[in-house]
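Spelled out, the chains give:
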Amino acid sequence: MLYFIGLGLGDTKDITVKGLEIIKQCSRVYLEAYTSILTVGKEALEEFYGRELILADRDMVEQEAEEILKGADVSNVAFLVVGDPFGATTHSDLVLRAVNAGIEYRVIHNASIMNAVGCCGLQLYNFGETVSIVFWTDTWRPESFYDKIHRNRENGLHTLCLLDIKVKEQSMENLLRGRKIYEPPRYMSVSQAAEQLLEIVQNRRERKEDLGFTEDTICVGLARVGAEDQAIRAGSLRQLASCDLGGPLHSLIVTGHLHPLELDMLRLSAVEPATLQGLKTLDSSTYTS
Ligand SMILES: C[S@@+](CC[C@H](N)C(=O)[O-])C[C@H]1O[C@@H](n2cnc3c(N)ncnc32)[C@H](O)[C@@H]1O
């Protein structure tokens, strides 16, 4: 059996009892290490689970999947994923490979960033399509995520923006020389994402194009959701561009239509209370309906 086990978002202890019991009786345990991270690190997980973990990077999962599947038809193998195994990243390819190889699989779910963002007070029902914001380079500066956010806002919906993670990247020089030397990992911060969005707003303004949102649109920055030191900041896009939320991982929400209850929740984490002050509120009796 191949088990896909979600580890949750915070620390070692967020694994479910069921997940932990399964890990303890698996012959091999892989830790997927490229779509998300737990800031506690691999060693802390190994100590808590009492098991050695095999790091599974993108190359291993995408090109050497047979290695992971080896023997899973006669013994139990676990594939650990931070968050939920099917939250944002589906790992469908590995599921299909297992099924094609006649290997049974089972999923042990856990909290995902896809639902935990509700902690900022925005209703999960009011979110549209999730987008990924990628690190720009000198020569590659896509703007497609801006259009998706724009479309969500036209429908009054909030947009969860997942922010780029770069692990095991090679510099152009090392790549060309075939040297397996990797750059330090990079995790996009809320301020970096907001900077890129502000630049797109500016570009579109110069090109006199339709603006889906501006520097004054209310956004929410979230960092290390689920961890003891999680941080949430609500403010304008411009304010979030100069907001330091500390270590990874970060997510950004661009709000759509705000219900008064959502607005009151956002006020609890306002960067600058005055920014959210002018926006309309409802009489609190409305909340109970
Ligand atoms: C591919 S998604 C995560 C998928 C993961 N399996 C899950 O269910 O949460 C990775 C992105 O989600 C966001 N993210 C994940 N965990 C987070 C956390 N604890 N706090 C804030 N953002 C987080 C970051 O933007 C990160 O780059």
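Residues numbered from 1 in each chain as written. Predicted model: local features only at pLDDT ≥ 70, side-chain atom pairs only at ≥ 80, totals over all residues. Heavy atoms only, no water.

Going by the annotation in an unreviewed UniProt entry, the name recorded for the protein chain is diphthine methyl ester synthase, with Anguilla anguilla given as the source organism. Its UniProt record, at the heading Function (unreviewed entry), says of the protein chain: "S-adenosyl-L-methionine-dependent methyltransferase that catalyzes four methylations of the modified target histidine residue in translation elongation factor 2 (EF-2), to form an intermediate called diphthine methyl ester. The four successive methylation reactions represent the second step of diphthamide biosynthesis." (UniProt positions renumbered as here; feature names shortened; annotations may be inferred.)

Student: So what's going on with the site of the ligand? Which residues, and what values?
Tutor: Around the ligand there are 21 residues in total, and Val-82, Ser-112, Leu-163, His-250 and Ser-251 lie nearest to it. Val-82 is positioned such that a nitrogen or oxygen atom in its backbone is 2.8 Å from a nitrogen atom of the ligand. The side chain of Ser-112 places a nitrogen or oxygen atom 2.7 Å from an oxygen atom of the ligand. With respect to the detected pockets, the ligand is housed in the largest pocket. (Near = heavy atom within 4 Å. Polar contact = N/O pair within 3.5 Å; in protein donor to acceptor, adjacent residues only side chain to side chain. 1 Å grid on protein atoms, 1.4 Å probe; cavity = no way out; pocket = protein on both sides within 12 Å on 5 of 7 lines; lining within 4 Å. Sits in = over half its atoms within 2 Å of the grid points.)

Student: Any details on the sheet that holds strand β10 (residues 218–223)? Residues and values, ideally.
Tutor: Paired through their backbone hydrogen bonds, the strands of a sheet run either parallel or antiparallel. Taken together, the 5 strands give an open sheet; going across it, the order is β6-β7-β12-β10-β11, and neighbouring strands pair in mixed fashion. Pairing within the sheet leaves two strands with one partner each, and these edge strands are β6 (131–133) and β11 (231–236). The sheet shows a mean angle of 25 degrees between the axes of neighbouring strands, direction not considered. Of the pairings in the sheet, the one linking β6 to strand β7 (residues 159–163) comprises 3 bridges and is parallel in character. (Pairing = 2+ DSSP bridges. Helix = DSSP H or I, 4+ residues; strand = E, 2+ residues; numbered from the N terminus. Axes fitted to C-alpha atoms, helices over the stretch in contact; angles between N-to-C directions.)

Student: So, the pairing of strand β4 (residues 77–81): which residues are in play, and what are the values?
Tutor: β4 sits mainly inside the fold: 5 of its 5 residues count as buried. The two faces of β4 match: Val-77, Phe-79 and Val-81 on one face and Ala-78 and Leu-80 on the other face are all buried. Two strands pair when backbone bridges link them, and strand β1 (residues 2–6) and β4 are joined in this way by 5 bridges, in the parallel orientation. Counted as the bridge partner of Phe-4 is Phe-79 from β4. Bridge count for strand β2 (residues 28–32) against β4 is 4 bridges, and the pairing is parallel. Directly across from Val-29, in β4, lies its bridge partner Ala-78. (Buried < 20%, exposed > 50% of the residue type's maximum accessible area, 1.4 Å probe, protein only.)

Student: Could you give an account of the environment of Val-95, naming the residues involved and the relevant values?
Tutor: Mapped onto the fold, Val-95 is located in helix α5 (residues 92–100). Counting along the chain gives 92 residues from Val-95 to Tyr-3, while the straight-line C-alpha distance between them is 9.9 Å. Each residue touching Val-95, except ones within four places of it in the same chain, is listed here: Phe-4, Phe-86 and Tyr-105. (Contact = heavy atoms within 4.5 Å.)

Student: I'd like a rundown of the confidence of the model for the protein chain, residues and numbers included.
Tutor: Considering every residue of the protein chain, the mean pLDDT works out to 92; 96% of them sit at 70 or more. Contacts of residues 281–289 to residues separated by more than four positions or lying in other chains number 8 contacts, the stretch itself having pLDDT below 50. Scored as a whole, the predicted complex attains pTM 0.93, and scored at its interfaces, ipTM 0.99. (pLDDT = per-residue confidence, 0-100.)

Student: Residues and numbers for the pattern of salt bridges, please.
Tutor: With the rule as written, the count across this model stands at 21 salt bridges. Note that Glu-46 is salt-bridged to Lys-42, the shortest N-O span being 3.3 Å. One end of the pair, Glu-46, and the other, Lys-42, are both in helix α2 (residues 42–49), 4 residues apart, so they sit about a helical turn from each other. With a closest N to O distance of 2.9 Å, Arg-97 and Asp-93 form a salt bridge. Residue Arg-97 and its partner Asp-93 are located together in helix α5, separated by 4 residues, close to a single helical turn. We classify Arg-97 as partly exposed; its relative accessible area is 30%. (Salt bridge = Lys/Arg side-chain N within 4 Å of Asp/Glu carboxyl O.)

Student: I'd like to hear about the environment of Gly-19, residue by residue, with values.
Tutor: Following the sequence through the fold, Gly-19 ends up in helix α1 (residues 17–24). Judged by relative accessible area, which is 0%, Gly-19 ranks as buried. Considered as a pair, Gly-19 and Leu-7 are 12 residues apart in the sequence and their alpha carbons are 8.1 Å apart. If sequence neighbours within four positions are ignored, Gly-19 has contacts with Ile-5 and Ile-108.

Student: Outline the state of the cysteines, listing residues and values.
Tutor: Applying the stated criterion to the full structure yields 0 disulfides. With no disulfide of its own, Cys-161 lies closest to Cys-219 among cysteine sulfurs, the gap being 7.7 Å. A relative accessible area of 0% places Cys-161 in the buried class. Overall, the relative accessible area of 0% leaves Cys-219 in the buried class. (Disulfide = S-S within 2.5 Å.)

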